[in-house]
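Overview (structure and organization)
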Amino acid sequence: GDSVTQTEGPVTLSEGTSLTVNCSYETKQYPTLFWYVQYPGEGPQLLFKVPKANEKGSNRGFEATYNKEATSFHLQKASVQESDSAVYYCALGERGSALGRLHFGAGTQLIVIP
Amino acid sequence: EAAVTQSPRNKVAVTGGKVTLSCNQTNNHNNMYWYRQDTGHGLRLIHYSYGAGSTEKGDIPDGYKASRPSQENFSLILELATPSQTSVYFCASGEPRHHYAEQFFGPGTRLTVL
């Protein structure tokens with residue numbers, strides 16, 4: 001079945017340093033890929049999605065490229081801020097499915113120290 | 001503003017008791033979902049629905065029932081709560097035809113079963 005594996009957390013960084021959260025997936029279909037972010041006390045919210053292979057998604061300084069050959073979708077940010085402290089989820093979505101199923105990774109907690 | 005709301009936000013229950021978690025969405029989405037969130041497991045799908053009157057089993061349905069009496073409302077029912085059901089529960093809505101399987105999440109309910 002479909003699965004997503006991502007960097008195990010927590011990841012602790014100082015403000016101004018760069019971030020990479022690795023995400024790899026397994027599927028027999030051609031999925032849409034997502035990054036969700038969850039701030040303390042809130043539900044997950046969409047950071048960005050990429051429906052097509054070899055395209056890049058970005059939002060709030062975060063970006064990721066849909067690499068179909070490597071089955072990867074790594075999240076990057078050049079310079080993190082304390083406000084980026086959150087849990088980040090990589091997910092794949094079933095394209096064309098009436099269910100609209102999302103398969104989530106285990107989540108990566110990011111802690112940014114000022 | 002379109003939104004997914006959940007009630008209660010926090011709940012303490014006793015073992016063997018009945019618990020009902022409620023979810024309301026104003027997105028006018030056909031699909032709704034219930035997840036539980038546990039450290040190391042990410043978000044796991046319990047039940048989902050394609051519309052009023054429809055409920056389907058997700059990946060971990062044992063010990064849970066669901067009810068979808070209307071387009072807007074979707075409930076998760078624990079008939080005989082157990083301590084292993086202590087978790088944070090999220091409801092989500094989605095319209096796969098229009099949003100590439102993107103889902104919109106509520107703020108969550110923290111359930112503690114003593």
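Use the structure listed above.
Residues numbered from 1 in each chain as written. Chains lettered and ligands numbered in written order. Predicted model: local features only at pLDDT ≥ 70, side-chain atom pairs only at ≥ 80, totals over all residues. Heavy atoms only, no water.

Here's the deal with the sheet that holds strand β3 (residues 19-21) of chain A
Residue and element names in this part refer to chain A. What the four strands build is an open sheet, ordered β3-β9-β8-β7; its pairing is antiparallel. Across the chains shown, the open sheet's two edge strands, defined by having one partner strand only, are β3 and β7 (56-59). Each neighbouring strand pair of the sheet contributes to a mean axis angle of 20 degrees, computed without reference to strand direction. As paired elements, β3 and strand β9 (residues 75-77) share three bridges and run antiparallel to each other. Looking across to β9, one finds that Thr20 is bridged to Gln76. (Pairing = 2+ DSSP bridges. Helix = DSSP H or I, 4+ residues; strand = E, 2+ residues; numbered from the N terminus. Axes fitted to C-alpha atoms, helices over the stretch in contact; angles between N-to-C directions.)

Observations concerning the packing of aromatic side chains
Tallied over the entire structure, the rule returns 17 aromatic pairs over all chains. Taking the centre distance of 6.4 Å and the plane angle of 35 degrees together, the rings of B:Trp34 and B:Phe74 count as tilted. Remark: B:Phe74 occurs in strand β8 (residues 73-78) and B:Trp34 occurs in strand β4 (residues 31-38); sequence separation between them is 40 residues. We note that B:Trp34, like B:Phe74, is buried. In textbook terms, an aromatic cluster arises when at least three aromatic residues are bridged by ring pairs, as seen for A:Phe34, A:Tyr36, A:Tyr89, A:Phe104, B:Tyr33, B:Tyr35 and B:Phe105. (Phe/Tyr/Trp six-rings, centres within 6.5 Å; stacked < 30°, edge-to-face > 60°. Buried < 20%, exposed > 50% of the residue type's maximum accessible area, 1.4 Å probe, protein only.)

Quick word on the environment of B:Asp62
As for its position among the elements, B:Asp62 is in the loop between β6 (56-57) and β7 (65-67). Taking the C-alpha atoms as reference points, B:Asp62 and B:Ile77, 15 residues apart in sequence, are found 11 Å from one another.

So, the sheet that holds β8(B)
Hydrogen bonds along the backbone pair up the strands of a sheet, which may run parallel or antiparallel. Residues and elements named next belong to chain B. As summarised here, the arrangement of the four strands in space is β1-β3-β8-β7, forming an open sheet in which the pairing is antiparallel. Either end of the sheet is taken by a strand with one partner, and the two such strands are β1 (4-7) and β7. If you compare each strand with its neighbour and ignore which way they point, the axes differ by 20 degrees on average. Note that β1 and strand β3 (residues 19-25) share four bridges and pair antiparallel.

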